[in-house]
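Overview (structure and organization)
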Amino acid sequence: MSLEIRGITAGYRGHAVLHRVSAAALAHGSFTALIGPNASGKSTLLKAIAGLIQPSAGSVILDGSDLAEIGRRQRAQRVAYMPQAYGCNALLTVFESVLLALKQTGGWRVRGENLDRVAKTLARLDLAHLADRGIAELSGGQAQMVAVAQTLVRGPKVILLDEPTSALDLHHQLSILTSVRAEAVAAAPIVVAALHDLNLAAKFCDRLIVLGGGRIVADGAPEDVLARDIIGETYRVRADLERTRRGTLYVDARLPDPHVSL
């Protein structure tokens, strides 16, 4: 079973940002990165999948069901979306905020299994030591990790992350993506994340979808998508694809010589 994106056209106030975007099925247990320049449509596509905006054309099919045809609560149970700017009640503790996220898609009665699930999620993300800390006391990186916990605790079939590593230091970037990668392997959700860092995308993701001008420019394995001509034309840079000593893909990008054609 899988997630299918079929001919999505979507935007805001009558202005189309995405133009008939279709992608081959995304499998359970996969981690896909949406990459591309600013304003290329990454966030809009995530919102369309999450049901936060209504496409003017096309559909999103999850495990054979059109997500537009199911109720909002059912969709929220299956699809979890973490926006770029993630707000949370600063009066809550970390444990309470994650518990609240869990209960938003079900009844409000708190059961023992709910508390156990929150505790296990925090432990899995190495956040157990912050359980009783107030949200307002956290650093930016810690708060972002808590936002990931709030997304994962629900056990959704689809996890959508919009720039989950933005404004974070290197340690927290690696920590978040390592945790999300492990979740994809262990629980087999479909994970889709909008990322700006091409090297992080290549390191953690199975598949890259490149957006440009609201259309898919390339879609495939990192070693295929990060080819020099694709990245050069999409980002207007000169780029070489290399491998580190560990075998990790690395994009070496630079601004083009203004006197030399890309």
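For the pair helix H5 (residues 140-152) and helix H6 (residues 170-187), interaxial distance at closest approach is 10 Å and the crossing angle is 10 degrees. In terms of axis orientation, H5 runs roughly parallel to H6. Listed contacts from H6 to Gly141, Gln142, Gln144, Met145, Val148 and Leu152 of H5 are His172, Ser175, Ile176, Ser179, Val180 and Glu183. Class assignment for the residues of the contact of H5 with H6 results in five nonpolar, six polar and one charged.

Take the side chain of Glu163 next. Inspection of the secondary structure assignment puts Glu163 in the loop between strand S7 (158-162) and H6. Beyond its immediate stretch of four places on either side in the chain, Glu163 contacts Lys42, Gln84, Gln144, Ala194, Leu195 and His196.

Moving on to the sheet that holds strand S5 (residues 65-66). Note: strands within a sheet are paired through backbone hydrogen bonds, in either parallel or antiparallel orientation. The strand order S2-S1-S4-S5 describes an open sheet built from four strands, whose pairing is antiparallel. At either margin of the open sheet sits one strand with a lone partner, and together these are strand S2 (15-27) and S5. Bridging between strand S1 (residues 2-12) and strand S4 (residues 57-62) involves five bridges; their strand directions are antiparallel. Bridging from a neighbouring strand, Leu3 pairs with Leu62 of S4. Sitting on the sheet, helix H1 (residues 42-50) touches S1, S2 and S4, and the angle it makes with S1 is about 115 degrees.

Even without being glycine, Arg13 reaches a positive phi, approximately 50 degrees. Relative to the helices and strands, Arg13 resides in the loop between S1 and S2. A relative accessible area of 89% means that Arg13 is categorised as exposed. Its identity as a non-glycine residue notwithstanding, Ala188 has a phi of 60 degrees, on the positive side. Tracing the backbone shows Ala188 in the loop between H6 and strand S8 (190-194).

Moving on: the pattern of salt bridges. Under the counting rule described, the total for this entry stands at seven salt bridges. Among the ionic pairs, Lys120 bridges to Asp116, the shortest N-O distance being 3.2 Å. In this pair, Lys120 and Asp116 are both assigned in helix H4 (residues 112-124), four residues apart and thus about one turn of the helix distant. What makes Asp116 partly exposed here is its relative accessible area of 37%. Of the charged contacts, one joins Arg181 and Asp206 as a salt bridge, the two residues approaching to 2.8 Å between their closest N and O atoms. With Arg181 in helix H6 and Asp206 in the loop between helix H7 (198-204) and strand S9 (207-212), this residue pair connects regions lying 25 residues apart in the sequence. The exposure class of Arg181 is buried, given its relative accessible area of 18%.

According to the stated counting rule, one finds zero aromatic pairs in the structure shown. The ring of Phe204 has Lys203 sitting right over it, with the charged end atom 6.0 Å from the ring centre.

Counting residues in hydrophobic clusters, the biggest one holds 50 residues, and the most contacted among them are Phe31, Ile35, Leu122, Leu127 and Leu208. At six residues, H5 tops the list of elements feeding residues into this core. Counting 28 residues, the second-largest nonpolar core is a separate cluster that includes Ile5, Leu18, Ile53 and Leu211.

What counts as what
- Residues numbered from 1 in each chain as written.
- Predicted model: local features only at pLDDT ≥ 70, side-chain atom pairs only at ≥ 80, totals over all residues.
- Heavy atoms only, no water.
- Axes fitted to C-alpha atoms, helices over the stretch in contact; angles between N-to-C directions.
- Helix = DSSP H or I, 4+ residues; strand = E, 2+ residues; numbered from the N terminus.
- Parallel < 35°, antiparallel > 145°, perpendicular 65-115°, else oblique.
- Contact = heavy atoms within 4.5 Å.
- Nonpolar A, V, L, I, M, F, W, Y, C, P; charged D, E, K, R; others polar.
- Pairing = 2+ DSSP bridges.
- Buried < 20%, exposed > 50% of the residue type's maximum accessible area, 1.4 Å probe, protein only.
- Salt bridge = Lys/Arg side-chain N within 4 Å of Asp/Glu carboxyl O.
- Phe/Tyr/Trp six-rings, centres within 6.5 Å; stacked < 30°, edge-to-face > 60°.
- Lys NZ or Arg CZ within 6 Å of the ring centre and 35° of its normal.
- Core = buried A, V, L, I, M, F, W, Y, C linked by side-chain atoms within 4.5 Å.

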